[in-house]
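Results of the structural survey
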Amino acid sequence: MLELKVNNETSRLRAVVLGTAVNNGPTPSVDEAYDPKSLEHILAGTYPLEKDMVIEMEAFNKVLQKYDVTVFRPELIENYNQIFTRDIGFVVDGIFIKSNILPERKGELDAIQYVIDQIDPVKVVRPPEEVHIEGGDVMLWDDHIFIGTYKGSDYASYITARTNLQGVQFIKDLFPNKIVKEFDLVKSKIEARDNALHLDCCFQPVGTDKAIIYKNGFREEADYIYLMDLFGEENLFHITREEMYKMNSNIFSIDSNVVVSEKNFTRLNNWLRAKGFTVEEIPYAEISKQEGLLRCSTLPLIRD
């Protein structure tokens, strides 16, 4: 059996589900786009090719293997995008929570059922149908759980709004001893530079006391101030609108002092190294064209 344990974003990683770009299928049609960045690249004819994304994901896999992380991969489904495992489930403490994802993506969860079968069934939870919540919106920080949501009355009209207030309440009820704080995120159906698809598109803790943040990803300044007060302004790395678009906040921690980052994130990577982090740089720019990056591609199961 897998003894799940994830209490934060940065403790030493022991086991993870890493997505796959193999058998990814053809470029989607305009009508099939889930987010504005994918749509932008579909229209421009620059949507990423499977062969390039496979190379990027294998570079990520090699880094995980270098640090002796147990890596599970989804079972392959023909012509199906299975890159972003963060969307389909997540672990809080010792509980695996299945996401109520977009209906078109149900097969992604089925493809990791062999992993879920290794977990005590009592510790696997499926929220009720009205609860929308995806792993990219759920950020653990010891006694805190940060959750990205969208509080607009037009929630239902946004395919880019993935976690609703019922999802926030579900987590509050499931973990009454945690400090659960929701953040109202900026959403756009047409401009990726103004769309925080998930919380990890505009914020992520690194190390033991630092974080990457994009101030304009939050609809309410009070939410940004909450994080600034919690972490301290001196511990925040502020990214620009363009850096947010390129997914600078979506790196991935293997340990409290080891991060995997995209090789073109020069300003961020230099800051991380100056703060004492080991930065494992890999190419991931093609995958980023789907409005997801390194954190989105992972579903951590066990951390120290």
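Presented here is a report on the structure given in the accompanying data block. These numbers come from a predicted model, not from an experiment. (Residues numbered from 1 in each chain as written. Predicted model: local features only at pLDDT ≥ 70, side-chain atom pairs only at ≥ 80, totals over all residues. Heavy atoms only, no water.)

1. What to know about the packing of aromatic side chains
Throughout the structure, instances matching the rule amount to 10 aromatic pairs. Taken together, a centroid distance of 5.8 Å and an interplanar angle of 90° make the contact between Phe 60 and Tyr 284 edge-to-face. Here Tyr 284 lies in the loop between β14 (278-282) and β15 (298-303) and Phe 60 lies in helix α2 (residues 50-66), a separation of 224 residues in the sequence. Taken as a pair, Phe 60 and Tyr 284 share a single burial class, namely buried. Ring plane angle 70° and centroid distance 6.1 Å describe the contact between Phe 183 and Tyr 226, whose orientation is recorded as edge-to-face. With Phe 183 in strand β8 (residues 179-184) and Tyr 226 in helix α6 (residues 221-231), the pair connects residues that are 43 residues apart, well separated along the chain. With relative accessibility at 0%, the residue Phe 183 sits in the buried group. When its relative accessible area of 26% is taken as the criterion, Tyr 226 is described as partly exposed. The structure contains a cluster of three or more aromatic residues connected by ring pairs, namely Trp 141, Phe 146, Phe 183, Phe 203, Phe 218, Tyr 226 and Phe 231. Above the face of the Tyr 245 ring, Lys 37 is positioned so that its terminal group lies 4.4 Å from the ring centre. (Phe/Tyr/Trp six-rings, centres within 6.5 Å; stacked < 30°, edge-to-face > 60°. Helix = DSSP H or I, 4+ residues; strand = E, 2+ residues; numbered from the N terminus. Buried < 20%, exposed > 50% of the residue type's maximum accessible area, 1.4 Å probe, protein only. Lys NZ or Arg CZ within 6 Å of the ring centre and 35° of its normal.)

2. Focus on the pairing of strand β10 (residues 210-213)
Burial along β10 is two-sided: the face carrying Lys 210 and Ile 212 and the face carrying Ala 211 and Ile 213 are both buried. Here four bridges tie strand β9 (residues 203-206) to β10, and the two strands are oriented antiparallel to one another. Counted as the bridge partner of Pro 205 is Ala 211 from β10. In this structure, the hairpin formed by β9 and β10 is closed by a connection of three residues, where Gly 207 is found at a positive phi of approximately 65°. Of the crossover connections in this fold, the one passing from β10 over α6 to the parallel strand β11 (residues 236-238) is right-handed. (Pairing = 2+ DSSP bridges. Right-handed = clockwise from strand over helix to strand, strands pointing away.)

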